[in-house]
Amino acid sequence: MTEHHHAPQSGSEPSRVVEVERKYDVDDATPLPEWVGIPGVDVVSSGEVRELDARYFDTADAELSRSGVALRRRTGGPDAGWHIKGPREGDGRLEIGWPLGDDDRIPDAVTATVSRWATGPLTPLARIENTRTAYLLTGPAGVVAEFVDDRVRATDLRRDVQREWREWEFELGPAAPADGAGRAALFEAAETVIFAAGGRDASSGSKLARALGF
C-alpha cells in the first residue's frame, strides 16, 4: 500500500511496494460510500486532503506505455518522489520509488532501472494534478485498506488536451487478508457499498491512460 509505506530515503536502495487496488468511475456529485459490513474494519478515519502533482515521462514512441510501465515525478502526499510502476502481475503492480532530489532531472538510478523497458530519450508525456481525500479503514491489526476520492485534472502534454474527472480507489493495506479468499471477500464487501453509492467499474486502467484518452 503505497501511501503508508515510508517515503524512499536518500541512498542507493529504492523503496519497493506491491500495490493491490481497484479503481471506480464516479460522477462529480456522487456521495461517499457508507462503510458498513467491511470484514475486519472497526473504524474509518476522517478524510485527509492531499494536493498531488505528477509529471509522467516516456520515449517518443511510447516504449514504456507499450510495456505497461509508467514513470512519474510526483510532489505532495506522503510518498512524494520518483516512481516506476511496473507491468501488472495478477492483482498488483510493483512500484519502485526514489526521493525527489534537488531538481527535476531524472536521477541516474531511475534511468538505469527504466532502461530494461526503454532506451530512448525520456520526455514529458502528461501532467496529472489531483485533489485527493484519503480515508483509512482500520481494524485491530492496523490499516485494512485505504479509500481515496480523487478529483483529477490531467493534461496530455504532447497534444495539449486537458481532461477532468472524478474517481475512487480502494487499495489493500498492511492488515488486509493475505489469502486470496479473504481478499476476494474484502473487495466484494467494499464493492457492495461502492456500487450502492453510485460507483462503477473503471472505464480506464490508470490515470495516465485516461489522461491520454485511452
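Scroll up for the structure.
Summary of the structure given here. If you're wondering where the values come from, they're calculated on a predicted model, not measured in any experiment.

### Considerations on the overall build of the protein chain
So, step 1. Secondary structure summary: the protein chain contains four helices and ten strands in total.
So, step 2. Counting from the amino terminus, the protein chain carries its helices and strands in the arrangement β-β-β-α-β-β-β-α-β-β-β-α-β-α.
So, step 3. Over its C-alpha atoms the protein chain spans a radius of gyration of 17 Å, differing by no more than 12% from the 17 Å that the globule rule assigns to 214 residues.
So, step 4. C-alpha extents for the protein chain along the principal axes are approximately 50 × 35 × 30 Å.
So, step 5. Residues classed as buried in the protein chain amount to 46% of the 214 residues present.
So, step 6. Residue pairs in contact within the protein chain that sit at least 24 positions apart in sequence constitute 67% of those at least 6 positions apart.
So, step 7. Put simply, the protein chain has 26 plus and 37 minus side-chain charges, and the middle of one group is 4 Å from the middle of the other.

### What about the side chain of D156?
So, step 1. With respect to the secondary-structure elements, D156 resides in strand β8 (residues 142-156).
So, step 2. Aside from chain neighbours lying at most four places away, what touches D156 is L125, V161, R163, A211 and L212.

Thresholds applied
- Residues numbered from 1 in each chain as written.
- Predicted model: local features only at pLDDT ≥ 70, side-chain atom pairs only at ≥ 80, totals over all residues.
- Heavy atoms only, no water.
- Helix = DSSP H or I, 4+ residues; strand = E, 2+ residues; numbered from the N terminus.
- Rg over C-alpha atoms; globule rule 2.2 N^0.38 Å.
- Buried < 20%, exposed > 50% of the residue type's maximum accessible area, 1.4 Å probe, protein only.
- Contact = heavy atoms within 4.5 Å.
- Lys, Arg positive; Asp, Glu negative; His and termini not counted.
- Charge placed at Lys NZ, Arg CZ, Asp CG, Glu CD.

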